[in-house]
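# Structural description and commentary
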Amino acid sequence: MSTRVSRHDLAARVAADIPEGSYVNLGIGAPTLVADYLPRDQEIILHTENGMLGMGPSPEAGRIDPDLINAGKQPVTALAGAAYFHHADSFGMMRGGHLDVCVLGAFQVSEGGDLANWSTGAPGAIPAVGGAMDLAIGAKNVYVMTDLLTKAGDPKLVERCTYPLTGVGCVTRVYTDHAVFDVTSDGFAVREAFGDNTVESLAELTGLRLVPAALRQAQGPERQAQGPGRQAQGQEEAK
């Protein structure tokens, strides 16, 4: 049995955890795949920061509207009742705590729920944090969708982030190709392990102390998402 799931399988797993009636933003990159796996019989409203509510799944080949794109400039569809609005209004929704869930990629997530997802500090890296900061501090729940390991084999779940931060203590849950992790006041708890992964093997891969989420819940409640009161790193730098 494989120890990893595909990006598409992981996107379906994230989609399954989004409650009906949620307002959701999907970050640039792999998180955009989640749109294609949302249940068609449920109302989940997708927001894109370039000014649209009611975004649908990817268009079929030959039915692309070049004027309909998401924040990553990928073609999208609009569902019945979709609305378009100014960029400033869109960011007001993000910063004002009106989004129930955002799904973001990551370079690193710390045990305390800190998120680093905009720069590795490498030459030629993007010069500013952008809208990810607003999503990280504004959404009620921040889900991260990423590989557990880098191409070099280094874990993306860390004791403390070494890359520039996007937000402090903002991540609720991390979905990786090996397992799903809850961020708790005691660090990462393994909510679901894929394939032949175990809590012990995941602890060896990450170098972190991990516990099963069921055990963590028996010991005490998980840390709740803090909504728009959470802190963002780089607010001064991004001005």
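Quantities reported herein were computed from a predicted structural model and do not represent experimental measurements.

## Some words on the nonpolar core
Val-109, Leu-115, Val-171, Val-174, Phe-181 and Phe-188 are the most contacted members of the largest nonpolar core, which has 27 residues in total. Of the residues forming this core, the biggest block, 3 residues, is contributed by strand 11 (residues 179-184). Ala-11, Ala-35, Leu-68 and Met-145 belong to the second-largest nonpolar core, a separate cluster that totals 24 residues.

## A few points about the side chain of Asp-177
Tracing the sequence through the fold places Asp-177 in the loop between strand 10 (173-175) and strand 11. In this structure Asp-177 comes out as buried when scored by relative accessible area, which is 4%. Within polar-contact distance, the side chain of Asp-177 engages the side chain of Arg-4 at 2.8 Å. Here Leu-148 takes part through its backbone nitrogen, which lies 2.9 Å from a polar atom of the side chain of Asp-177. Excluding residues that lie within four positions of it along the chain, Asp-177 makes contacts with Thr-3, Arg-4, Val-5, Leu-10, Thr-146, Asp-147, Leu-148 and Phe-194.

## Some points on the pattern of salt bridges
All chains considered together, the criterion is met by 9 salt bridges. Of the charged contacts in the structure, one is a salt bridge between Arg-4 and Asp-177, with a shortest N-O distance of 2.8 Å. Of the two residues, Arg-4 sits in the segment before helix 1 (7-16) while Asp-177 sits in the loop between strand 10 and strand 11, which places them 173 residues apart along the sequence. In this structure, Arg-173 engages Asp-17 in a salt bridge whose closest nitrogen and oxygen atoms are separated by 3.2 Å. Of the two residues, Arg-173 sits in strand 10 while Asp-17 sits in the loop between helix 1 and strand 1 (23-26), which places them 156 residues apart along the sequence. What makes Arg-173 buried here is its relative accessible area of 10%. The network of salt bridges with shared partners includes Arg-13, Asp-17, Arg-173, Asp-182, Arg-191 and Glu-192.

Analysis parameters
Position numbers for residues start from 1 in each chain and track the written sequence from start to end. pLDDT decides what is reported in this predicted model: residues at 70 or higher carry local features, side-chain atom pairs at 80 or more are listed and counted, and totals for whole chains, interfaces and linings draw on all residues regardless. Hydrogens and water are ignored here; the side-chain numbers use all heavy atoms of the structure. Put simply, a nonpolar core is a bunch of buried Ala, Val, Leu, Ile, Met, Phe, Trp, Tyr and Cys residues held in one set by side-chain atoms that sit within 4.5 Å of each other. Each residue is assigned to one of three classes by its accessible area relative to the maximum for its type, calculated with a 1.4 Å probe on protein chains only: buried under 20%, partly exposed between the two thresholds, exposed over 50%. Each helix is a run of H or I in the DSSP string that is no shorter than four residues. Each strand is a run of E no shorter than two, and both are numbered from the N terminus. Whenever a nitrogen or oxygen atom comes within 3.5 Å of another N or O atom, the pair is scored as a polar contact, on the condition that within protein one atom can donate a hydrogen and the other can accept it, and that pairs from neighbouring residues in sequence are kept only if both atoms are in side chains. Note on contacts: a residue pair is in contact if any heavy atoms of the two residues lie within 4.5 Å. A pairing counts as a salt bridge when a side-chain nitrogen of Lys or Arg comes within 4 Å of a carboxyl oxygen of Asp or Glu.

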